[in-house]
Structures are given as structure tokens and as C-alpha cells.
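Overview (structure and organization)
The residues making up each chain are set out below.
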Amino acid sequence: MAFGYSHLYGSQNAALWHTLLGLLCIFTLVFTAVSTPPEDPVKCVSGNTNCTVTNSYGVFPDRSTCRAASVAYPTTEDELISIVAAATKAGRKMRVTTRYSHSITKLVCTDGTDGLFISTKFLNHTVGADAEAMTLTVESGVTLRQLIAEAAKVGLALPYAPYWWGLTVGGMMGTGAHGSSLWGKGSAVHDYVNEIRLVSPGSISDGFAKVRVLTETTTPDEFNAAKVSLGVLGVISQVTFKLQPMFKRSLTYTMRNDSDFGDQAVTFGKKHEFADMLWLPSQGKVVYRRDDRVAVNTSGNGLYDFLPFRSQLSVAIAIIRSSEETQETFRDANGKCVGATLISSTLFATSYGLTNNGIIFTGYPVIGSQNRMMSSGSCLDSLQDGLITACAWDSRIKGEFFHQTTFSVSLTQVKSFINDIKSLVKIEPKSLCGLELHYGILMRYVTSSPAYLGKETEALDFDITYYRANDPLTPRLYEDFIEEIEQIALFKYNALPHWGKNRNLAFDGVFRKYKNAPMFLKVKENYDPTGLFSSEWTNQILGIKGNATIVKDGCALEGLCICSEDAHCAPTRGYLCRPGKVYKEARVCTRVSGINVVQSASY
């Protein structure tokens, strides 16, 4: 622990320190320019053999280690074909990894220790651009940042995308990544693709590998399966995007109380093309993003360099983490709430990183070209500085360590879901301050997609980020409130979890929620009948074999299971399995007074 507090003064001191450290963190975000680049998620003992893979956060939801006998780094499609053919001939399991490996879930993992990781790190080239046809073809390892920049070179723009530009084209396609919009074809990246080249296992007559060229008109079933594939159909080699002429956006943030939020959430996305919302439920506030398309000749050269995606001093990140650990140890809800209010108000006051000219913010609206406004991630603009600075979640430092629960609730049920959360806040107003320390609940609009594993209807996507303990058996402050929100969404409102985020429990039985699931499995069986690109994890979430949940002592603390007995929580620390407070069908780990508690610090 960085600080030692007496029980008498712990709460007050923690609140004060977090207030000061919040400011330190924000100013670090504003003024730090470069950071140490993230390391390769694949590490090998000798050359490219005896390897492990992790995600960009350094830990999977179940804290397991994923291994393979070797890793391959193809640089061309021909090399990729040879790699897949050799592995297919040998009957080796394969999974695809990306440059930064940003999926929280175990989508990169293969089974056992004899498999093969295929990294798209060097499949990062632009194949061709056609300004007249408004198409851009790239290899699957191209990052979103590269894609945006290459399109802009020929006067084109991808209309919607995630806000973090460190994702790859293949990664976005594999998990259904999206931005925020109800307009056009919606905000999913895969719905602006018109051709996919995919390398899958082949027969002897195919030379053990087959290149498939998929389009909506020539191979509609296969195309709609490959648009969100979870990596089980093979390796995406190239993707062709259908883009739009470059345009500008006009963005204004406004903060209001959340008294009418249930109604506003349903209609706001239909009023503004790029609308999103940031909800601060314990503060009773909502930040509305009024973001609209304007003509490309509109005056303005705005830039959105989102503050939390900028590099930070490692020592500042460590102090922030230590402060939150201390608040958890001493159950300092007041400290969390003070810190949350300061951080949210400071981010709002600094326009979240928006500038009118790339240097300073002078006022709303901020108007800028689509390629400067849609996505960011400047902590990847990096020099090797010995980890003096880094992205806040870099696992090599003591930094952010969190759970992320992300799901889409049908727009017709959003008001009821928001009211359920408000009911929980009324029971304990401080219960969700921890979410606001991680910037609040981000809410983005999505629409139905023809992709078989895409969104089923118009919906609102809720991104909830919250503290994760270093020790998997350590309960969290007010964890029952967050667990109840998670279960309300997934089971009361049948929400769809994001394929690349979430804890295990979100995926138990998820495949039954997709009406075209049988169509997807039919394509999968055709492309990879022996399951070389499948894994224990993909079989679980696709409903083929086993369950995503893991039942053992303490399993509910990290979302590996829903508790059904006290042992699934932390009974020695006073956390027992109890019904929900609003949604009585929920089963959550609740701190019960009168239980003999053994207090243990987090290290």
C-alpha cells in the first residue's frame, strides 16, 4: 500500500488524496505527449516457439494462461496460405492474434499447448484505393488509425467506428466493433464492408488451404457469417470497405440532470447522427454528445484527442491505482464519490480532449474533419522511454485494472432498464461512484445488422468499467449493485453482450439469443469441419460444447459464475449470496452485517 490510514481518519484522507491525485492524473493526461509503446501480446521462450498470448490488459477474465507451440507472422497473403495449409495438414489448432490484442475475452486462445498462433501484426498494408468507386482494400492487420488515414488521403471517410483506434480491421470484424449511430446502416464497422478475403482450412485437392472471396451478392450466407466471425471460420486476409466522401462533424457536449433520462435515451440518437451519452448515475447527471454531420467546406479544423487515451506518467497511474485500492480496503465510499465528481467535472471542463485547432479549446461547437474527430489513441504514439510514460492500462506497470461489462439493450426496453438502475441508486446513492471513477457509463447507439452474429435490433450499448482486485478472491465495495445491473440487463432484458468484452457469465447461453445462429454454424461446419480454428472458449460461447461459466469457491466475485451458494462469494469477509434488491431473480454477492469479517488488504 502506498499510504497507511488509521480507521478513524481513513475515509477523509482517502477522499482528499483521491481529489488531489485525480487532478494530477488529468494534468498528466493533458501535458504528456509520448509514451512507451505496448508490448507484443505474444511472448515466446525461444524464437517463435513455446509461446503464450494475453490481451492488452495482461489478464483474461478467468486469469488463465493461453499457450501454443509456436507463432507465425505472415507478411503476405501467400505466406498466410502456406501457414494455414501446413497447420491444416498437420491437424494443428490455430487462432489469430493481433498487434495489440484488445479483446478482453479469450478469443485469441487455442487449446492445449501444441497449437499455432497466427499474428496479423505484419499483414498491415493497404492493397488499393479507388476514389471514384469510394472503396478501400486493406489487409486485416491494418489498424483503425491506419484505415482512417488511408481513406482521408483519397478524400474518403469511414462513417462510423469505435473511439479507440488501436483496433485492427480483423479484430473489429471478429468481434462486431462499433461506434454510435442509428443512422444509415448503423454504427458497426462490418456493415460498411463489401468484400472479404478469408483463408480457411482446405481439402487435399485444395492444397490444405482455401482462399474464399465473399461478397453480399455472390455469397450472401457466407458473407453474413464472416462479417462477425469470432475467428472460427479462418483468417481474414483482406477487407474492402465501401466508404463515403469526406465530411466534417460539429460536436457539442452538454451536461444535464438525469430526471428525464429514460425518455431522452430513447429519442436522442434519432436527433443527432453521432450521438452518445455518458451517464453519471450517482451524481444524477448525463453528458449528452450532440454530434452532427456538416459540409466538408464548413470552417473548422477541430481535433478529438480523448484525454483518457493519451499517455500518462507511470508514477501518477500507480498513485491513482493505490488510492483506489485503499478506498476498497477501508470501504471508503465517500472518497470514491469525491474523486468521481472531481474527475467527471474536470473532464467535462476540459472538453474530454477536444480542441478547435489541434492545440487549444476555445468553445463549442468544435468542427473538424471526420478523420480528426471519430477516433483517437495517442498513447500509441510512442517512444521507448523505459515505461516512464504508458497507456493507463499497460500491464507492465501498476496501472488501471478493471472489469468491463458491455451489452446492448433493445431501444424499446432502455427506459425500463434505466429506471431499474435509478431504483438501485435510490437504495444507496453512493453505490455507483466507483463506475464514475472510470468516467461513467458510456452509452452508444447500434442498429440491427444482417451479420449473423451482429446486433438483432435497434439498441443502446452500455459500457460499464469498474475496479478489479489484484486478488481474485477479494470482494469489491458495492459489488452487489453492479452484479445486479449486469443480471438485469442480460436476463430481464435479454441484452446481447459485446463479443470482445465482458465476464464469463455474460456468455452463458448467449448463442440462443441470435435468430441466425444455425446459419452461422452451418457456414462454420462447411469452412472448418474439424474445428481447427475453434477452441474450448469458442465452443462454449457458440453453444457447441460446455458452458462459459466456471463454478468454484469465489467464482461470482469475478463474474465466472452467478452465485448460487455463499461459497461462491466471500463468506469469510462477510459477502454472502443474496437475491437482488430490485430484480429479485438476481443472485449477487452482498455484504451482510453481523458476519465475522477477516479484513485483508489488496496488494
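Residues numbered from 1 in each chain as written. Predicted model: local features only at pLDDT ≥ 70, side-chain atom pairs only at ≥ 80, totals over all residues. Heavy atoms only, no water.

Quick look at the overall build of the protein chain
What counts, and what does not: Strands here are runs of E lasting at least two residues and helices are runs of H or I lasting at least four, both read from the DSSP assignment and numbered beginning at the N terminus. When we talk radius of gyration, it's over C-alpha atoms, and the globule rule is simply 2.2 Å times the number of residues to the 0.38. Think of it in three bands: residues with accessible area under 20% of the maximum for their type are buried, residues over 50% are exposed, and the middle band is partly exposed, with areas taken using a 1.4 Å probe on protein chains only. Throughout, a residue-residue contact means that at least one pair of heavy atoms, one from each residue, lies within 4.5 Å.
Each helix and strand in the protein chain was counted, giving 14 helices and 26 strands. The globule rule puts the C-alpha radius of gyration for 603 residues at 25 Å, and the 23 Å found for the protein chain is close to it. For the protein chain, the spread of C-alpha atoms along the principal axes amounts to about 75 × 60 × 50 Å. When burial is assessed residue by residue, the protein chain has 61% of its 603 residues classed as buried. Within the protein chain, contacts between residues at least 6 apart in sequence are counted, and of these 72% link residues at least 24 apart.

Quick notes on the sheet that holds strand 24 (residues 496-497)
Our working rule: A pair of strands is treated as paired once DSSP finds two or more bridges between them. Only the contacting stretch of a helix is used when fitting its axis, a line to C-alpha atoms as for every element, and angles between N-to-C directions run 0 to 180 degrees.
Strand order across the open sheet formed by eight strands is 19-13-15-14-22-23-21-24, with antiparallel pairing between neighbours. This sheet does not close on itself; its edge strands, each paired only once, are strand 19 (366-369) and strand 24. Relative to strand 22 (residues 441-446), strand 14 (residues 276-280) is paired through four bridges, and the arrangement is antiparallel. What sits directly across from Met277, in strand 22, is Met443. Those strands touched by helix 8 (residues 333-349) are strand 13 (248-257), strand 14, strand 15 (285-294) and strand 23 (459-467), and its axis lies near 145° from that of strand 13.

Details of the state of the cysteines
Just so we agree on the cut-off: Cysteine sulfur atoms that pair up within 2.5 Å are treated as a disulfide.
Applying the stated rule across the entire model yields seven disulfides. The disulfide partner of Cys66 is Cys109, and the S-S distance across this bridge is 1.9 Å. Since a negative S-S torsion denotes a left-handed disulfide, the Cys66-Cys109 link at about 75° is right-handed. Here Cys66, found in strand 3 (residues 66-72), pairs with Cys109, found in the loop between strand 4 (94-97) and strand 5 (116-119); they are 43 residues apart in sequence, far enough to count as distant. Assessed through its relative accessible area of 4%, Cys66 is described here as buried. Across the disulfide from Cys379 sits Cys391; the S-S distance is 2.0 Å. Its torsion about the S-S bond being 95°, the disulfide of Cys379 and Cys391 is classed as right-handed. Remark: Cys391 occurs in the loop between strand 20 (389-390) and strand 21 (402-410) and Cys379 occurs in the loop between helix 9 (370-373) and strand 20; sequence separation between them is 12 residues. Residue classification places Cys379 among the buried residues on the basis of a relative accessible area of 0%. Owing to a relative accessible area of 2%, Cys391 belongs among the buried residues under this scheme.

Regarding the pairing of strand 14
Two faces, one strand: in a regular strand the side chains alternate between the faces of the sheet. Among the five residues of strand 14, five are classified as buried, and the element is accordingly described as predominantly covered. Here strand 14 shows a buried face lined by Asp276, Leu278 and Leu280 and a second buried face lined by Met277 and Trp279. Direction of pairing for strand 14 relative to strand 15: antiparallel, over a ladder of five bridges. Across the sheet, the residue bridging to Asp276 is Arg289, located in strand 15. The turn linking strand 14 back onto strand 15 is made up of four residues, and Gly284 within it adopts a positive phi angle of 70°.

Here we look at the sheet that holds strand 2 (residues 49-53)
What holds strands together in a sheet is hydrogen bonding between their backbones, with the strands either parallel or antiparallel. The strand order across the open sheet formed by five strands is 1-2-3-5-4, and the pairing between neighbours is mixed. Strands at the two margins of the open sheet, each flanked by one partner only, are strand 1 (42-46) and strand 4. Averaged over all neighbouring strand pairs, the angle between strand axes comes to 45°, with direction disregarded. As paired strands, strand 4 and strand 5 are joined by four bridges and run parallel to one another. By the bridge assignment for strand 5, Arg95 is matched with Phe117. Those strands touched by helix 2 (residues 77-90) are strand 3, strand 4 and strand 5, and its axis lies near 170° from that of strand 5.

Structural notes on helix 2
For clarity, the cut-off: Expected helix span is computed as 1.5 Å times (number of residues minus one).
Taking 1.5 Å of rise per residue, 14 residues should cover 20 Å, and helix 2 covers 20 Å from first to last C-alpha, within 8% of that figure. Check the buried side of helix 2 and you find it contacts strand 3, strand 4, strand 5, strand 9 (193-201), strand 10 (209-214) and strand 11 (235-242). At the exit of helix 2 stands Gly91, carrying a positive phi of roughly 70°.

Topic: helix 13 (residues 517-527)
For the record, the criterion: Regarding the arc, it is the one traced by the directions from the helix axis to the C-beta atoms.
For helix 13, every residue scored as buried is listed here: Ala517, Phe520, Val523, Lys524 and Tyr527. Down the axis of helix 13, the sector holding all buried residues measures 125°, keeping them to one side. Residues of helix 13 that are exposed and point over 90 degrees away from its buried face: Pro518 and Lys522. In this structure, the buried residues of helix 13 make contact with strand 9, strand 10 and helix 5 (220-226).

With respect to unusual backbone geometry
The linkage connecting Tyr364 with the following residue, Pro365, adopts the cis geometry, with an omega of -5°. Mapped onto the secondary structure, Pro365 falls in the loop between strand 18 (354-355) and strand 19. Phi at Arg63 is positive, roughly 60°, even though this residue is not glycine. Even without being glycine, Leu387 reaches a positive phi, approximately 65°. You can see Leu387 is positioned in the loop between helix 9 and strand 20. Look at Leu387 and you get partly exposed, because its relative accessible area is 23%.

Some points on the UniProt feature "domain: FAD-binding PCMH-type" (unreviewed entry) in the protein chain
The test is simple: UniProt positions are given in the numbering used here, feature names are shortened, and annotations may be inferred rather than shown by experiment.
According to UniProt, the "domain: FAD-binding PCMH-type" (unreviewed entry) feature falls on residues 64-246. Taken end to end, residues 64-246 is 21% helix and 28% strand, and its first and last C-alpha atoms sit 44 Å apart.

Overview of the nonpolar core
Counted only if it meets this: We call a set of buried residues a nonpolar core when its members are Ala, Val, Leu, Ile, Met, Phe, Trp, Tyr or Cys and they connect through side-chain atoms within 4.5 Å of each other.
Core analysis: the biggest nonpolar cluster contains 112 residues, and Phe241, Met277 and Phe417 have the highest contact counts within it. Once residues lying within four places of it in the same chain are set aside, the contact partners of Met277 are Phe261, Ala265, Phe268, Val286, Val287, Tyr288, Ile441, Leu442, Met443, Tyr445 and Leu460.

Notes on the packing of aromatic side chains
Note the following rule: Think of it this way: a Phe, Tyr or Trp ring, Trp meaning its six-membered ring, pairs with another when their centres are within 6.5 Å, and the plane angle makes it stacked under 30 degrees, edge-to-face over 60, tilted otherwise. Definition used: whenever NZ (Lys) or CZ (Arg) falls within 6 Å of the ring centre and also within 35 degrees of the ring normal, the charge is taken to sit over that ring.
What the rule picks out here adds up to 26 aromatic pairs. Arranged with centres 5.1 Å apart and planes meeting at 75°, the rings of Trp164 and Phe309 form a pair that is edge-to-face. Separated by 145 residues along the polypeptide, Trp164 in the loop between strand 8 (156-157) and helix 4 (169-175) and Phe309 in the loop between strand 16 (303-304) and strand 17 (312-313) bring together distant segments of the chain. Accessibility classification places Trp164 together with Phe309 in one group, the buried group. Chaining the aromatic ring pairs together yields one cluster made of Trp164, Tyr253, Tyr304, Phe306, Phe309, Phe348, Tyr352 and Trp393. The ring of Tyr163 has Arg289 sitting right over it, with the charged end atom 5.1 Å from the ring centre.

Overview of the confidence of the model for the protein chain
The predicted coordinates should not be examined in detail at positions where pLDDT is low. This is how the line gets drawn: Values of pLDDT, the confidence the predictor places in each residue, fall between 0 and 100.
Looking at the protein chain as a whole, the pLDDT averages 93, with 93% of positions reaching at least 70. Scored below 50 in pLDDT, residues 597-603 shows 17 contacts in the model against residues more than four places distant or in partner chains.

Things to note about the side chain of Ser314
As a reminder of what qualifies: Definition of a polar contact: a pair of N or O atoms within 3.5 Å, with one able to donate and the other able to accept a hydrogen when the atoms are protein atoms, and with sequence-neighbouring residues admitted only if both atoms are side-chain atoms.
Relative to the elements of secondary structure, Ser314 occurs in helix 7 (residues 314-329). Exposure remark for Ser314: the relative accessible area of 10% places this residue in the buried category. Engagement of the side chain of Ser314 in a polar contact is seen with the backbone oxygen of Leu387, the distance being 2.5 Å. Look past the residues within four positions of Ser314 in its chain and what remains in contact with it is Leu387, Ile388, Thr389, Ala390 and Ile397.

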